[in-house]
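Spelled out from the first residue to the last, the chains are:
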Amino acid sequence: MKLRSYMLQKSGRRPNTVYLPYTFDNIQSLKYISFGTKIIECDVRADSLSDNTISIGQEIIADLKLPFLTPIHVFVYEETIVIGPLIGIFTAGFTESSLRPIGERSLFFANLLTAKDDTKAYLFAFGSHQINWKEGTITAYFYNEQRWVQHEVPFPHVVYDRLPNRKTENHRAIARVKERLQHEYLIPWFNPGFFNKWDIYRCLQKDEAAVSYLPETHRFTSFEQIEFLLSKYGHVYIKPINGSLGSSIYQVRYDFEENEYYCRYRDADGNKLRKYHSLEYLINHLLSRYNLETFIVQQGISLLRINGQSVDFRIHTNKDRHGYWRMSAIAAKIAGQGSMTTHMNNGGDVKSLDEIFPDPVERESVLQKLTTAVLLLSESIDTHLDGCIGEIGFDLGLDKTGKVWLFEANSKPGRSIFHHPKLKESDRLTKELFLEYALHLTEKSLFSPEELFQ
């Protein structure tokens, strides 16, 4: 069906009637109007004086729980006028504060909920405690005109998962919410779960085209395994399978001339470099508190350097209105002094591509290499993992020969790179594409649900 967008307004005429523009097709066949999961029967009539405004009676506005009237997309599905999409962003950590209802992450969500006027979507944040299962409604947090407001709305067309961490995601109550909304109400839920480094590595290994981007990686099994990789590559990274933000990453390097092992890592006091006479002593001293079966050991890469500091790249991909992957944002991350990673909390810095590649020919070559890689990797991950995936954040590197390597893929990428003044356009684009994909899922759930719920 053809997608339309119209301005909504309250009708002062019949309170239980919807007046559609005369440009609408087959008005006489329409008997219902819906918003989210709420659907009501109504009287539908043509408005001979309007070509772009839908007038809705006051009783219908109240019954549908429309929070406010705005330009919005309108679908026609069988005998029903569908207003939407109504998009819920599911998270946790809500507080009693009216200024910061989601605690320290309130600014993050305010930015995510702020879209251009022509986006044409109702967009809100909610958590498990805001759901009224008996009434089929949610106490939704909208961010309008620089302030947080609450409205009671029906269950949404689509849910975007932005839970803060794996611990919260694994909470029994959270899991029940996801299960009920997806399976009882058939609501598409996108970007469910956190990626596991080992699972991502194994799924990409199945794709011949993706394998060339993968550093050699193994589940930790023994000291001998690390020794073998050190003899092969000179240095390795030891990482937690479910780690994030550069936490608990150790770079181990072997100096053949000195017969010494060096380890870089970060603790509460900052970046550290330690020397050890044996690998066993290094592991027992620094990693004894961890279950090493939950770690991977990865080939070290000699990265491109700028002013002596290693550089890698944060790249976002998003699905668009038609469900196709697009590269939406790219930035270079430069490692901080004494750090083995480029994470900002380790002292790293964000730069735009033109700041580190002033030569336009070189810059375009790098951009093409990285774009080709992330689009291929996005498709591969999407193919091999279950669920609706609409956004991925990648950390990629270039070695000294110009070869591209994948370090990490993240299903809930942060947005701190967009603080860079030259990335404002990318910030806007990622938000718009996230909404486009929600619109795509809304259409799929209406017109071809079998493709979503197999």
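Refer to the structure presented above.
Since we're looking at a predicted model, the values are computed, not measured.

J.: What is the right way to look at the side chain of Lys431 in this model?
T.: For Lys431, the location among the structural elements is in helix 11 (residues 424-447). Buried charge without a salt bridge: Lys431, with Asp427 as the nearest opposite-charge side chain at an N-O distance of 4.3 Å. There is a polar contact of 3.0 Å between the side chain of Lys431 and the backbone oxygen of Thr114. Residue contacts for Lys431: discarding those within four places in its chain leaves Asn111, Leu112, Thr114 and Arg415.

J.: Hey, could you run me through the packing of helix 7 (residues 223-233) against helix 8 (residues 279-286) in this one?
T.: When two helices pack together, their arrangement is given by the angle between the helix axes and by the axis-to-axis distance. It is at 10 Å that the axes of helix 7 and helix 8 come closest, and there the two elements cross at 120°. As summarised for this structure, helix 7 and helix 8 are arranged oblique, according to the angle between their axes. Here the hand of the crossing between helix 7 and helix 8 comes out right-handed. Within the contact between the two elements, helix 7 uses Phe223, Ile226 and Glu227 and helix 8 uses Leu279, Glu280, Ile283 and Asn284.

J.: Can you help me understand the sheet that holds strand 16 (residues 217-219) in this one?
T.: Within a sheet, each strand pairs with its neighbour through backbone hydrogen bonds, oriented either parallel or antiparallel. Spatial strand order, 16-21-17-18-19-20: six strands in an open sheet with antiparallel pairing. In the strand order of this sheet, the two ends are held by strand 16 and strand 20 (270-276), each with one partner. Pairwise comparison of adjacent strand axes, ignoring direction, gives a mean angle of 20° for this sheet. Inspection of the sheet shows strand 17 (residues 235-240) paired to strand 21 (residues 295-299) by five bridges, in the antiparallel sense. Each residue of the ladder has a partner; that of Val236, found in strand 21, is Gln299. Against the sheet, helix 5 (residues 197-205) makes contact with strand 16, strand 17 and strand 21, and its axis sits at roughly 125° relative to strand 16, the strand it touches most. Taken strand by strand, helix 7 contacts strand 16, strand 17, strand 18 (250-255), strand 19 (260-267) and strand 21, and its axis lies near 135° from that of strand 17.

J.: What exactly am I supposed to notice about the packing of aromatic side chains here?
T.: For any pair of aromatic rings, geometry is given as the distance between the ring centres together with the angle between the planes. Within the structure shown, the criterion is met by 28 aromatic pairs. Residues Phe90 and Trp189 carry aromatic rings whose centres are separated by 5.2 Å and whose planes lie at 65° to one another, so their mutual orientation is edge-to-face. With a gap of 99 residues between them, Phe90 in strand 9 (residues 86-90) and Trp189 in strand 15 (residues 189-190) connect regions that are remote in the sequence. A relative accessible area of 0% places Phe90 in the buried class. When the ring of Phe190 is compared with that of Tyr437, the centres are 5.1 Å apart and the planes differ by 90°; the resulting orientation is edge-to-face. Of this pair, Phe190 sits in strand 15 while Tyr437 sits in helix 11, placing them 247 residues apart in sequence. The class of Phe190 is buried, set by a relative accessible area of 1%. Seen from the ring of Tyr237, Lys239 lies directly overhead, with NZ or CZ sitting 5.9 Å from the centre.

J.: Just checking my understanding: could you explain the pattern of salt bridges for this structure?
T.: Where charged atoms from two side chains of opposite charge approach closely, those side chains can pair. Evaluated as defined, the whole model comprises 22 salt bridges. Where Arg45 meets Asp43, a salt bridge forms, and the shortest distance between an N and an O atom there is 2.9 Å. A relative accessible area of 33% places Arg45 in the partly exposed class. Taking the relative accessible area as the measure of exposure, Asp43 reaches 30% and is therefore partly exposed. Put simply, Asp267 and Lys272 hold a salt bridge, and the shortest N to O gap is 2.8 Å. Salt bridges sharing common partners tie together Asp161, Glu169, Lys178 and Lys412.

J.: Help me understand the side chain of Gln299, please; the structure alone is not making it clear to me.
T.: Along the chain, Gln299 turns up in strand 21. If sequence neighbours within four positions are ignored, Gln299 has contacts with Pro215, Glu216, Tyr233, His235, Tyr237 and Trp405.

J.: I keep staring at the packing of helix 5 against helix 10 (residues 360-384) and nothing clicks. Help me out?
T.: Here helix 5 crosses helix 10 at 100°, and the two axes come no closer than 9 Å. Classified by the angle between their axes, helix 5 and helix 10 sit roughly perpendicular to one another. When helix 5 is examined against helix 10, the residues Ile200, Cys203 and Leu204 are found in contact with a partner set consisting of Leu377, Ser380, Ile381 and His384. In terms of residue class, the contact of helix 5 with helix 10 is built from five nonpolar, two polar and no charged.

J.: What exactly am I supposed to notice about the environment of Glu391 here?
T.: Inspection of the secondary structure assignment puts Glu391 in strand 26 (residues 391-398). Sequence spacing of Glu391 and Asp47 is 344 residues, and the spatial spacing of their C-alpha atoms is 41 Å. Among residues more than four places away in sequence, those in contact with Glu391 are Tyr160, Arg162, Asn191, His316, Thr317, Asn318, Trp325, Asn410, Ser411, Pro413 and Arg415. Separated by 2.3 Å, the side chains of Glu391 and Tyr160 make a polar contact.

J.: How should I be thinking about the sheet that holds strand 2 (residues 17-21) in this particular structure?
T.: On the basis of which strands lie adjacent, the open sheet formed by eight strands has the order 4-3-8-7-1-6-2-5 and mixed pairing. For this open sheet the edge positions go to strand 4 (38-41) and strand 5 (43-47), each flanked by a neighbour on one side alone. When strand polarity is set aside, the average angle formed by the axes of neighbouring strands in this sheet is 30°. In this sheet, strand 4 lies alongside strand 3 (residues 32-35) in antiparallel orientation, the contact comprising four bridges.

Criteria and cut-off values
- Residues numbered from 1 in each chain as written.
- Predicted model: local features only at pLDDT ≥ 70, side-chain atom pairs only at ≥ 80, totals over all residues.
- Heavy atoms only, no water.
- Helix = DSSP H or I, 4+ residues; strand = E, 2+ residues; numbered from the N terminus.
- Buried < 20%, exposed > 50% of the residue type's maximum accessible area, 1.4 Å probe, protein only.
- Lys, Arg positive; Asp, Glu negative; His and termini not counted.
- Salt bridge = Lys/Arg side-chain N within 4 Å of Asp/Glu carboxyl O.
- Polar contact = N/O pair within 3.5 Å; in protein donor to acceptor, adjacent residues only side chain to side chain.
- Contact = heavy atoms within 4.5 Å.
- Axes fitted to C-alpha atoms, helices over the stretch in contact; angles between N-to-C directions.
- Parallel < 35°, antiparallel > 145°, perpendicular 65-115°, else oblique.
- Left-handed = near helix turned anticlockwise from the far one by under 90°.
- Pairing = 2+ DSSP bridges.
- Phe/Tyr/Trp six-rings, centres within 6.5 Å; stacked < 30°, edge-to-face > 60°.
- Lys NZ or Arg CZ within 6 Å of the ring centre and 35° of its normal.
- Nonpolar A, V, L, I, M, F, W, Y, C, P; charged D, E, K, R; others polar.

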